[in-house]
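This is what each chain is made of:
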Amino acid sequence: ICEVDDSRDSESEESEEENPAEMNMNWIFSRRFQLSVPKLASRRQVVQDLLSDLLYVSHRLFSGSFFPVLEPVIGVGSACEGWCPHKEEDVVYCMFVPLKPPPGHVFHLEPHTTRDTLQRSMCVRVERVCTCTRKQNLLCLLHHSEEELKRNQVASLLHTLCTGPYLDVEKIALWFQTFVISAWPAVPQSCHYDVRVLPSSRSCKMKLTKASGRSLLVETIFGVQQGDSDIFLSSQPTDAWLPPSTVWLESCAVAEAKFFRQVARQAPPHSCHLKCLRLCARLLEDSGFSIYALKTTVMHLLTLIPLSEWQQGYLLLRVDDTMRYLRCCLEEKCLKHFFFGNEDMPEEISLPPTFQEAQPLNLFQHLAQDSAAQTEAMQKFDEL
């Protein structure tokens, strides 16, 4: 093993002062669990630049219209956070596109009560407002006649991408998919990539293929911000529930991405927290355990264990901490959601008052309600 140390990627390089046995064990784990990560950062940047160029075209095309305003993209999910456990060909780069109301409209968020779930759902009610006093050359949707609006081909957002008074996820997804297909020739990257829009009812999934045959999978998710916070309503459904088209699900994805960016800025060089996440994710692969529970566990540990103790040489200790913490949570039938009622929340993360004042949510509530499920989960974990 010592003879092939030079073949390790730069991310795995260790200091000469570190324990050789520890270095070898880290190398074995890296190879055994395929932790040689694809060039996530550079490819993420390619995707982000591409989406930014697409949005630039949209601003020119829809300027003066009453379609939603597409805000700058935000990379979310494991691939953009830097720890994606999947093989290169399975990596999906998720890009979050916040939606703002166009002139003459406002968004009102209304709670939606359907099913008993930890993830809250809401509807986005669209309301027209007067624009008569604005300096822009806009027709007022409230005070100009329907005939005048039709003559100038002005359509309210309520008439295009809503069902009743509510913003419709599926109509927005179809609108954006159609836009991507028509606008692609105007994007600089069209010289290097062919694009294929894949079927999706609540997002825009794209497969970008270069002449060499290498491809990138991209998913554009739409969101509506809650106030000035890092919490959004998302168009993305859960694995267990496909909500009605006018229902949006509360998402912490942007806050999570912001948290990992903050950790990256403060952690020591070659911090092992991302490698720890990838390794544990591979350990839990096909076990039935939630990757989100694992991610939540590591986020808790990153606020409990000083970042100075996440140096590369501590990888195996931090993996052990992670698995022990997760097992303890299984035993106690309680894993607290990171963003609800967390007193250790970094100041940089902006949360709605309801999050700060709420009692911590239990991600293992289903185990607390089903002792047989908890027993089975403990047995599976002990086998791991």
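In this text the structure is predicted, and so the values were computed from the model without any measurement.

1. Section: the overall build of the protein chain
Secondary structure summary: the protein chain contains 13 helices and twelve strands in total. In the protein chain, the share of contacts with a sequence separation of at least 24, taken over all contacts with a separation of at least 6, comes to 64%. Per element, the accessible surface of the protein chain, about 19600 Å² overall, is 50% carbon and sulfur.

2. Considerations on the environment of Lys205
Tracing the backbone through its elements, the reader meets Lys205 in strand S9 (residues 204-210). As a C-alpha pair, Lys205 and Glu219 span 14 residues in sequence and 4.4 Å in three-dimensional space. The contact partners of Lys205, leaving out residues within four places of it in the chain, are Arg196, Val197, Leu198, Pro199, Ser200, Val218 and Glu219.

3. Re the pairing of strand S10 (residues 215-225)
With eight of its eleven residues buried, S10 lies for the most part within the structure. Relative to S10, strand S3 (residues 92-100) runs parallel, the two being bridged by seven bridges. Of the residues in S10, the one forming a bridge with Phe96 is Ile221. Two elements, S9 and S10, share six bridges in a ladder whose sense is antiparallel.

4. A few points about unusual backbone geometry
Non-glycine residue His270 carries a positive phi angle of around 60°. Its place among the elements puts His270 in the loop between helix H7 (253-266) and helix H8 (273-283). His270 gets classed as partly exposed once you look at its relative accessible area, which sits at 48%. Of note, the phi angle at Lys333 is positive, near 60°, even though the residue is not glycine. Mapped onto the secondary structure, Lys333 falls in the loop between helix H10 (315-332) and helix H11 (353-357). According to the relative accessible area criterion, Lys333 is partly exposed, its value standing at 29%.

5. Overview of helix H13 (residues 371-383)
The first and last C-alpha atoms of H13 sit 19 Å apart over 13 residues, in line with the 18 Å expected at 1.5 Å per residue. Its buried side turned inward, H13 meets H10 and helix H12 (365-369).

6. Topic: H10
Helix length check: H10 (18 residues) gives 26 Å between terminal C-alpha atoms against 26 Å at 1.5 Å per residue, within 8%. For H10, the full list of buried residues reads Leu315, Arg318, Val319, Thr322, Met323, Leu326, Cys329 and Leu330. One face of H10 carries all of its buried residues, which in axial projection span an arc of 135°. Turned more than 90 degrees off the buried face of H10, the exposed positions are Arg324 and Glu332. Just past H10, the residue Lys333 takes up positive phi, approximately 60°.

7. Here we look at the packing of H7 against helix H9 (residues 291-304)
In the contact formed by H7 and H9, the axes pass within 12 Å of each other and the chain directions differ by 40°. Classified by the angle between their axes, H7 and H9 sit oblique to one another. When the axes of H7 and H9 are compared, the crossing they make is left-handed. Contacts from Glu256, Phe259, Phe260 and Val263 of H7 reach H9 at Tyr292, Lys295, Met299, Leu302 and Thr303.

8. Digging into the pattern of salt bridges
One pass over the full model with this rule turns up twelve salt bridges. Between Lys295 and Glu256 there is a salt bridge; the shortest N-O distance is 2.8 Å. Here the residue Lys295 occupies a position in helix H9, and Glu256 occupies one in helix H7, the gap between them amounting to 39 residues. Just as Lys295 is buried, Glu256 falls in that class too. Across the pair Arg282 and Glu285 runs a salt bridge whose closest N-O atoms are separated by 3.2 Å. Exposure remark for Glu285: the relative accessible area of 44% places this residue in the partly exposed category.

9. Some details on the packing of aromatic side chains
Overall, the coordinates contain twelve aromatic pairs when judged by the stated rule. Between Phe67 and Trp175, the ring centres sit 5.2 Å apart and the planes meet at 15°, which makes this aromatic pair stacked. Highlighted residues: Phe67 in the loop between helix H2 (40-61) and strand S1 (69-70) and Trp175 in helix H6 (residues 169-183), separated in sequence by 108 residues. On the accessibility criterion, Phe67 (25% relative accessible area) is partly exposed. Among the residues examined, Trp175 registers a relative accessible area of 12% and is labelled buried. Here Phe176 and Phe179 contribute two aromatic rings whose centre-to-centre distance is 5.7 Å and whose plane-to-plane angle is 55°, an arrangement assigned as tilted. Of this pair, Phe176 and Phe179 both sit in helix H6, three residues apart, roughly one helical turn. In terms of burial, Phe176 and Phe179 fall into one category: buried. Clustering of aromatic rings is evident, with ring pairs tying together Phe62, Phe67, Trp175, Phe176, Phe179 and Phe222. Directly above the ring of Trp310 sits Arg318, whose terminal nitrogen or CZ lies 5.9 Å from the centroid.

The rules we used
Residues numbered from 1 in each chain as written. Predicted model: local features only at pLDDT ≥ 70, side-chain atom pairs only at ≥ 80, totals over all residues. Heavy atoms only, no water. Helix = DSSP H or I, 4+ residues; strand = E, 2+ residues; numbered from the N terminus. Contact = heavy atoms within 4.5 Å. Areas by Shrake-Rupley, 256 points an atom, 1.4 Å probe, with all protein chains shown as cover. Buried < 20%, exposed > 50% of the residue type's maximum accessible area, 1.4 Å probe, protein only. Pairing = 2+ DSSP bridges. Expected span 1.5 Å × (residues − 1). Arc of directions from axis to C-beta. Axes fitted to C-alpha atoms, helices over the stretch in contact; angles between N-to-C directions. Parallel < 35°, antiparallel > 145°, perpendicular 65-115°, else oblique. Left-handed = near helix turned anticlockwise from the far one by under 90°. Salt bridge = Lys/Arg side-chain N within 4 Å of Asp/Glu carboxyl O. Phe/Tyr/Trp six-rings, centres within 6.5 Å; stacked < 30°, edge-to-face > 60°. Lys NZ or Arg CZ within 6 Å of the ring centre and 35° of its normal.

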